[in-house]
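This is what each chain is made of:
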Amino acid sequence: MPFGLLKYGLTKTYPAKHHFTQAATELKKRYDVVIIGAGGHGTSIAYYLAKYHGVTNVAVLDKGYLGGGGTTRNTAVIRSNYLTEEGVTFYRESVKLFQDMSNEFGFNIMMENRGQLTLAHNDATIRSFRWRAEVNQHLGVRSELVDRKTIKELVPNLNMSEDVRYPIVAGLWHADGATARHDAVAWGYARGACERGVELHQLTEVQDIEVTGGSVTAVTTNRGHVECGCVVQAVAGHSSLVGIKAGIRLPIHSYPLQAMVTQAYKPLLTPHVSSPQFHVYLHQTSRGEFVIGGGSDPYPLYSTRATLEQRESLAAASLELFPFLSQVRVMRQWAGTTDMTPDYSPVMGLSPVENYYLDAGWGTWGFKATPICGKTMAELVATGRVPEIIQPFELERFYRFEQINEAGATAASH
Amino acid sequence: MPSTNRLPAPYGLLLDRDNPIAFSFENKRYQGIAGDSIASALAANDRWLLSRSFKYHRPRSILTMAGQDANTLVQLPADPNVLADREPVVTDMEVRGQNYSGSLDRDRDALIERFSKFLPVGFYYKAFFRPRGIWEMWARLIRQKAGLGVVDQSHEPDYFDKQYLFYDVVVVGAGPAGMEAALRAADSGCEVLLLDENPVLGGSLNYARLDVEGQRARNLRTTMIADVEANSRIDVMVDTVCNGWFADNWLPLIRGRRLYKVRARETILCVGSMEQHAVFRNNDLPGIMMSSAAQRLMHLYAVRPGRAAVVLAGNNDAYGVALDLLDAGVDVKRIVDLREDPHYDDIARSVIARNIAVTDGHAVYAALPDPKTGHLGSVDIRKIVSDGVCGGKGEIIECDLLCMAAGYTPTYQLICQAGGQLDYDDDKSSFTLTKLPVSCQIAGSVTGTWSIDSVIAEAGHAGTVAGNATGAVQQHISLEQPENDADNVNLPWPIFPHPDGKEFVDFDEDLQIADILNAVGDGYEHLQLVKRYSTSGMGPSQGRHSALATARLVARATNKTIASTGVSTARPPFVAERLAHSAGRSFYPARRSNMHYRHLEAGAQMLHAGAWYRPAYYGPKESRVDAIRSEVSNVRNNVGLVDVSTLGGIEVRGADAGEFLNRIYTFNFAKQPVGRARYALLTNEAGTVIDDGVACRIHEHHYYVTATTGGVDRVYQSMLKWNAQWRLDVDIANVSSALCGVNIAGPKARRVLEALCPDVDLSAAAFPYMGVREGSVAGLPARLIRVGFVGELGYEIHVPQHFGEALWDALLTAGSEHKIAPFGIEAQRVLRLEKGHIIIGQDTDAMSHPMEVQMGWAVSHKKPFFVGKRTIAELEKKQQKRRLVGFVINDPNAPIPLESHLVLDGEEMVGRVTSCEYSPTLDKPVGLAYAQPSKTESGSKIVIKSTGGTRVPADIVDLPFYDPDNRRQQL
């Protein structure tokens, strides 16, 4: 029995401690910083602002509930085996922050370092995996091209038959791959931010953004008008819609991304396994459920409906890898919205509006970037200087023709 | 041994009493009857304990008898998490409990419950992480305890498949509402599908009591089923579950091992309602069940649900259940009516007339287990003082059965998936459904209509509306809405907190009142946060029995209305669905060229290229290197033949064909003469090279364009997309699968062809390099293109797909005297590399623009437009960061770099090797790599980080490595 739970058993009444701003709290007339979007990113920025920069007159506004967008809809994959130097460096720092996050918060995000295995079924994929492995290793990320024998050791129950349509020929093993309780990340950040004076206002929709002379001065919400020193936009799934309120056109198209979860079964799969060939990835949660996801839907849409076609495709693909899962039962299928940029990399930093900061374009890679993005964006907001690690991701890159193309490292791995 | 709880016929509608079934549970033999579910067969044998709960390992038994809870999840040898109250028992079935340690009856893990005070809501967020590193140990421990059933990893998948169906009207649910709706829809002459998840039609008519005599339901059932069965326009599917509602009435139905995908013009969802439990201490003990579960046990399965019963009444249905229990010989000890001043109906009055004790205004404050068996032993009933608060002293009533008739919630899942909205009616204390999409209606108790006459009227109306919308005959529709004359079936607050807790809100996840309230107290006020923090509704039953109580508790704790509190989103599937059902038969098609079997006969090793199989090389695997070298050498010295059928072919025809190609590809095609081919490079709007091929001008208004194997579908799609905007006068057709082709290459290629081509002048003057001709080869209609991908005199020959084998055979026969031999993709890779030709996708990546890959010559800057032109112009102004160059490794002892090894400048990554092969012609490794622009001149040296980190020096040379003056391809 861990020590931390003793107090709950030994007190007569539950020592409830409200983690966030009370719902009844009125909006202030003015905040130094207004953050639009109370997902992992928005709350993370608020947390680092309050804890490390002493900026606490901050409001995090969300039209829905805390962490209700990409944060709760993603499949909780943490990894840094990207392709570009900029991407790998950025996500590598993120993984490091994840590893210490429970202690940082005093709130267990249940990070489990289980590794990630991506499967190659043809020569072209081996070539791209070797490229990723070489770049990763060069930058200190644990990533290697593995053969069939090693794959069998890593995941003994994987279907390694050669008598199938697409036999597994090799894999990319990423020992740093991990998972965590995704909701807890947003809760931990929000709790830590609120403890330090930040206000979290849920069910508070920003309807308009007032820009005067190239600077943002206030936002209008369904609960009234709020003046602000600056605004950070962190609204995955709706980046281009919110950006346009500030007069900023973002090179983003939004696509649904679906996933599904089975009932709980006794543990039989430790690492995260994905196959770009079959557009599927799956892992077993600590509750025993299999979480299964794949590629984005083929056309842009803001609806978060599920489709039968995607369920069929994910199920068929899962059984190609693990035929014995045929009896496993899907319990729930859902969707989130992914903001896709032309180069599959995010948009972070300055915008054409002077004091309006962008944290956008998070496609399928937002969750795993939560801590590093929050930390660096907070530094930008507090100091006005763009931290080096996120400089390559500024919106300007599209105007300068300097994209950071991660297309090769994002398909069906998330 | 006779089953102790079995009732005589006519009880047991589903049973075939002549057909006994022997099976085992937990290694003990039991006898059931055909038609039994696992749970009913065990209950008939007085075996009630079926499972252990997820967290506290509490004993659990039948709750709903309708598959709406996780209490009856059991393990079959190759099938975990099976609903015992839905799964029919079959001969020799071996059933086990799951999620216990030791035995189901004495589960050592039940000890965890002793520590439940130390495990508050979200306890795992609050501990286990200090000191650093300790979580890994806890995570392993917690993980071991996680999960329910065990997946049989040696299980060979069974055969599952799919079928498409189309109907005018699909009616989901074949209770009285569904049957009436189907009948009235069919009146209009449309085709109707009526389906139900149960094995027989009838729904609640099969078990509910509509009148004192118990006759009405039976009579109505008989008549309606006869009408349905006699109606040729109604197809009936029983044992069939509609497992979701997708846009435009796209319904997945599951029956047996088949997924039916049904498109309906109209749907009528008569999906009924789910009975809800009351929340009080120990409300999960075996012996406590929904009143409808007791009725199902008796009427469907002939199982007496207990010997001494207490009925908890929140509505008059409880009295019908009491009558049923009395009829079945159960001693009804008390009816505890939650209502202060109940409005009795005829059935209730008749119960009272039979001198059954009724206590009004009381609640079951706590249930108490029999200390020996753990089964329900007695209930502690107390007077309700105010909402949820009971008086201090109670009365203990001994019983082994408690039936809860505490209210219902509509089966909202499919309806919400269809876009319906769940509201809460405070007067009725019930969820209601509004805002249905067009072409989708609901009828029956799901709408909150309870009296049978109103249900029939409402369903008939829905059926007629749907029938009129789709059928040939228009029926009269009464504008009068049927009146719902039933009393309320729900109470606002059947929730009774107890100081010692264990009043379960969510049985799946062992969540008590305090867990929900404490989640709110911790700040998780939004229902979605309550769900995620407490896990309420996240278990196998997905909130079927917990959503209403959770919403009520959260609403009260946050001072909100229940309507605005709501429930968690109703996501598909409706019932947990095997992966095998949505997977169906494995369907990953393979594409094979017309010459595929010739390659196999010649001993080719095949490789995957997208959906295609292509010959890698000819010969056994162990002689791979030699095979490739000899194929290369034969092309250089004699003549070789390679199958290029997988290449894409696109016909572009029309007055604007030239203009269209000019806009799509980077080169200039306007002045291209008829009978000539031109290299065609494709970039996207970001200036990235995405495909290449050759464009052959067959006629002034007709081009035939080739594309790469992997790229053709994308190229074709993007051509269509662009022309949807441009509206040029062109027809675009992807003819890739209509044609197949070969490339015959080598110094003797012409001599081979001369023997087979009587109608084409093959002389160098008449048919020069990059010429295109139409003619015949071996009597087959063919297009010939003089190309030089491998750097020798060569002809691509394209013929109709089914002539492939004939062409292949003819060329090999005619070429035998010139030592012709087939070569594979591996040899082709070496040959083209020696010639310095890039492969799009291998030597290019998502950022490669034409100048980087030395393709500037293929870009026409004079054209006003092509896709990517503006970007390329901008990129050309910028300083290049890398460039694709040719290199050779001169050190014979250096390891040959692999493709994707990095090119370093000091420790900085500046590029990578994209192609590298040993060149038999040059007798050294040659390759292509991206290198820093300062190192692109011939004679420069670059450093490659090879296997194991070894730095390998490489010398930059001019491309091509082979035949720099291009003499050989122009022979």
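Every value quoted in this text rests on a predicted model; they were computed, and no experiment measured them.

Another point: the overall build of chain A. Scanning chain A from N- to C-terminus turns up 13 helices and 18 strands. The C-alpha radius of gyration of chain A comes to 21 Å, within 12% of the 22 Å expected for a compact globule of 414 residues. Projected onto its principal axes, the C-alpha positions of chain A cover 70 × 65 × 40 Å. Taken over 414 residues, chain A has a buried fraction of 62%. Of the contacts formed within chain A by residues at least 6 apart in sequence, a portion of 76% connects residues at least 24 apart.

Once that is clear, we can look at unusual backbone geometry. Residue and element names in this part refer to chain B. Cis rather than trans, the peptide bond between Ala9 and Pro10 has omega equal to 10°. Along the chain, Pro10 falls in the segment before β1 (16–25). In this structure, the amide linkage connecting Leu959 to the following residue, Pro960, adopts the cis form with an omega of -5°. By the element assignment, Pro960 lies in the segment after β48 (951–957). Of note in the backbone geometry, Ser429 takes a positive phi value of approximately 55° without being a glycine. In this fold, Ser429 is placed in the loop between β24 (421–425) and β25 (430–434).

Here we take up the environment of Ile347 of chain B. Residues and elements named next belong to chain B. Looking at where Ile347 falls in the secondary structure, it is placed in helix α8 (residues 346–353). Classification of Ile347 as buried rests on a count of 22 C-beta atoms within 10 Å. A C-alpha to C-alpha distance of 25 Å links Ile347 and Ala174, two positions 173 residues apart in sequence. The contact partners of Ile347, leaving out residues within four places of it in the chain, are Arg209, Val212, Asn316, Tyr319, Gly320 and Leu323.

Time to look at the domain arrangement of chain A. All names here are of chain A. What the domain assignment lists for chain A is domain 1 (29–77 + 182–252 + 343–410) and domain 2 (109–176 + 253–340). Of note, the centres of domain 1 and domain 2, computed from C-alpha atoms alone, are 29 Å apart. With 21 residues of domain 1 at the interface, the matching set in domain 2 holds 18 residues. Looking at the side of domain 1 that touches domain 2, the elements with two or more residues in it are α3 (70–73), α8 (182–195), α9 (239–245) and α13 (407–410). The element best represented in the side of domain 1 that touches domain 2 is α8, accounting for 3 residues. Looking at the side of domain 1 that touches domain 2 residue by residue, the classes come out as 8 nonpolar, 12 polar and 1 charged.

Here the focus is the sheet that holds strand β37 (residues 731–734) of chain B. Residues and elements named next belong to chain B. Read from one edge to the other, the open sheet built from 5 strands follows the order β34-β35-β36-β33-β37, with strand pairing classed as antiparallel. The outermost strands of the open sheet, each flanked by one partner alone, are β34 (677–683) and β37. Taking the axes of each pair of neighbouring strands and ignoring which way they run, one obtains an average angle of 25° across the sheet. Here 7 bridges tie β34 to strand β35 (residues 689–699), and the two strands are oriented antiparallel to one another. Note that in β35 the partner of Leu681 across the bridge is Asp692.

Time to look at the nonpolar core. By size, the foremost hydrophobic cluster in this structure holds 313 residues, and its most contacted members are Val311, Leu312 and Leu402 of chain B. In terms of residue count, the dominant contributor to this core is α8 of chain A (8 residues). Beyond its immediate sequence surroundings of up to four residues, Leu312 of chain B is in contact with Ala278, Val336, Leu338, Val364, Leu402, Cys403, Met404, Ala405 and Ala406 of chain B. Counting 106 residues, the second largest nonpolar core, distinct from the first, contains Tyr617, Val787, Val830 and Val952 of chain B.

Residues and elements named next belong to chain B. The domain boundaries assigned to chain B delineate domain 1 (1–152), domain 2 (161–274 + 410–470), domain 3 (277–406 + 491–499) and domain 4 (503–569). One C-alpha centre belongs to domain 1, the other to domain 3, and the line joining them spans 24 Å. With 23 residues of domain 1 at the contact, the number on the domain 3 side is 18 residues. Contributing elements (two or more residues each) for the side of domain 1 that touches domain 3: α1 (38–44) and β4 (59–60). No other element matches α1, which puts 3 residues into the side of domain 1 that touches domain 3. When the residues that make up the side of domain 1 that touches domain 3 are grouped by side-chain class, the tally is 14 nonpolar, 5 polar and 4 charged.

Residue and element names in this part refer to chain A. Where helix α2 (residues 40–53) meets α8, the axes come as close as 8 Å, and the angle between the chain directions of the two elements is 35°. Crossing angle aside, the handedness with which α2 passes α8 is left-handed. Across the interface between the two elements, Gly40, Thr43, Ser44, Ala46, Tyr47, Ala50 and Lys51 from α2 touch Val185, Ala186, Tyr189, Ala190, Gly192 and Ala193 from α8. Split into classes, the residues belonging to the contact of α2 with α8 amount to 8 nonpolar, 4 polar and 1 charged.

To continue, consider the sheet that holds β1 of chain B. Residue and element names in this part refer to chain B. The 3 strands are arranged β2-β1-β7 in an open sheet whose pairing can be described as mixed. Each having just a single partner strand, β2 (28–34) and β7 (94–95) make up the two edges of the open sheet. Two elements, β1 and β7, share 2 bridges in a ladder whose sense is parallel. Residue pairing across strands places Phe25 opposite Val95, the latter belonging to β7.

Quick look at the pairing of strand β16 (residues 308–313) of chain B now. Residue and element names in this part refer to chain B. In terms of residue burial, β16 counts as a mostly covered element, since 5 of its 6 residues are buried. In this structure, β16 lies alongside strand β17 (residues 331–337), joined through 6 bridges in parallel fashion. Directly across from Ala313, in β17, lies its bridge partner Asp337. Assessed by its sense of winding, the connection that carries the chain from β16 through helix α7 (residues 317–327) to β17 is right-handed. In the sheet, β16 pairs with strand β22 (residues 401–405) via 5 bridges, with the strands oriented parallel.

Quick notes on the rules
- Residues numbered from 1 in each chain as written.
- Chains lettered and ligands numbered in written order.
- Predicted model: local features only at pLDDT ≥ 70, side-chain atom pairs only at ≥ 80, totals over all residues.
- Helix = DSSP H or I, 4+ residues; strand = E, 2+ residues; numbered from the N terminus.
- Rg over C-alpha atoms; globule rule 2.2 N^0.38 Å.
- Buried ≥ 20, exposed ≤ 12 C-beta atoms within 10 Å, placed from the backbone.
- Contact = placed C-beta atoms within 7 Å.
- Domains from an automatic or database assignment.
- Nonpolar A, V, L, I, M, F, W, Y, C, P; charged D, E, K, R; others polar.
- Pairing = 2+ DSSP bridges.
- Axes fitted to C-alpha atoms, helices over the stretch in contact; angles between N-to-C directions.
- Core = buried A, V, L, I, M, F, W, Y, C linked by C-beta atoms within 7 Å.
- Left-handed = near helix turned anticlockwise from the far one by under 90°.
- Right-handed = clockwise from strand over helix to strand, strands pointing away.

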